[in-house]
Amino acid sequence: MPVSLTPPFAVTPMTEAHAADICTWVYEAPYDIYGWMPWEQMKQLEVEFGDPQLRHQQYASVMDADGVLCGFAQFFPLEGTIRLGVGMRPDLCGNGYGEHFVRVITQEAITRQPEAEIDLEVLTWNQRAIRTYQKADFHITDTYDRRTPDGMKPFYCMVYEQGEDTA
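Residues numbered from 1 in each chain as written. Predicted model: local features only at pLDDT ≥ 70, side-chain atom pairs only at ≥ 80, totals over all residues. Heavy atoms only, no water.

**Describing the side chain of D137**
Phase 1: Mapping D137 onto the fold places it in the loop between α5 (127–135) and β6 (138–148).
Phase 2: At a separation of 3.0 Å, a polar atom in the side chain of D137 contacts the side chain of R103. (Helix = DSSP H or I, 4+ residues; strand = E, 2+ residues; numbered from the N terminus. Polar contact = N/O pair within 3.5 Å; in protein donor to acceptor, adjacent residues only side chain to side chain.)

Rendered as structure tokens:
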């Protein structure tokens, strides 16, 4: 089945409509842990992008050239670091778009805070994401356990190091 996508990707402010749409995305196992609670519940509890102020400060939508929502990014501020959170629309996952998707998000982080280190966290079992991040010039720098809704799980911290062949 062909996937609807018109390159390139662009990062734009996340609208409430985008946030509500993201909450409907359903990922196949084992990636189903990346789904969100229903939009009305996120708004009521004001969690993550359900909080209008947090949505404005930290979240962005990733759109294709036709203005179709392809994913989202979170730019979480830490001292001297921007920690990325990324999510791609489920039907686009595994189709070879990931490296460009992550590079566009990384470039937005650089634009937002040029002097900051850029990192992200990924579950150690998620080899598909790890390979994508490595192609986009992220490198594993640490391994640690972190609490998740399913208990303590092992994570990698991956840090962006701009490659010689990237701009």
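**Here's the deal with the environment of V102**
Phase 1: With respect to the helices and strands, the residue V102 is situated in helix α4 (residues 98–112).
Phase 2: Between the alpha carbons of V102 and D137 there is a distance of 9.6 Å; along the sequence they are 35 residues apart.
Phase 3: With sequence-adjacent residues up to four places away left out, V102 is seen in contact with T132, Y133, A136 and F138. (Contact = heavy atoms within 4.5 Å.)

**As for the nonpolar core**
Phase 1: Core analysis: the biggest nonpolar cluster contains 27 residues, and F75, L84, V122, Y133, F138 and M158 have the highest contact counts within it.
Phase 2: If you list the elements that add at least two residues to this core, you get β2 (59–63), β3 (69–78), β4 (81–88), α4, β5 (117–123), α5 and β7 (151–160).
Phase 3: Ranked by residue count, the leading element in this core is α4, at 5 residues. (Core = buried A, V, L, I, M, F, W, Y, C linked by side-chain atoms within 4.5 Å. Buried < 20%, exposed > 50% of the residue type's maximum accessible area, 1.4 Å probe, protein only.)

**Here we look at unusual backbone geometry**
Phase 1: In this structure, the amide linkage connecting A29 to the following residue, P30, adopts the cis form with an omega of 5°.
Phase 2: Mapping P30 onto the fold places it in the loop between α1 (16–22) and α2 (39–45).
Phase 3: Of note, E46 is a non-glycine position whose phi angle comes to about 55°, a positive value.
Phase 4: The topology assignment puts E46 in the loop between α2 and α3 (52–58).
Phase 5: A positive phi is found at E48, a non-glycine position, where the angle reads about 45°.
Phase 6: With respect to the element layout, E48 can be found in the loop between α2 and α3.
Phase 7: We classify E48 as partly exposed; its relative accessible area is 32%.

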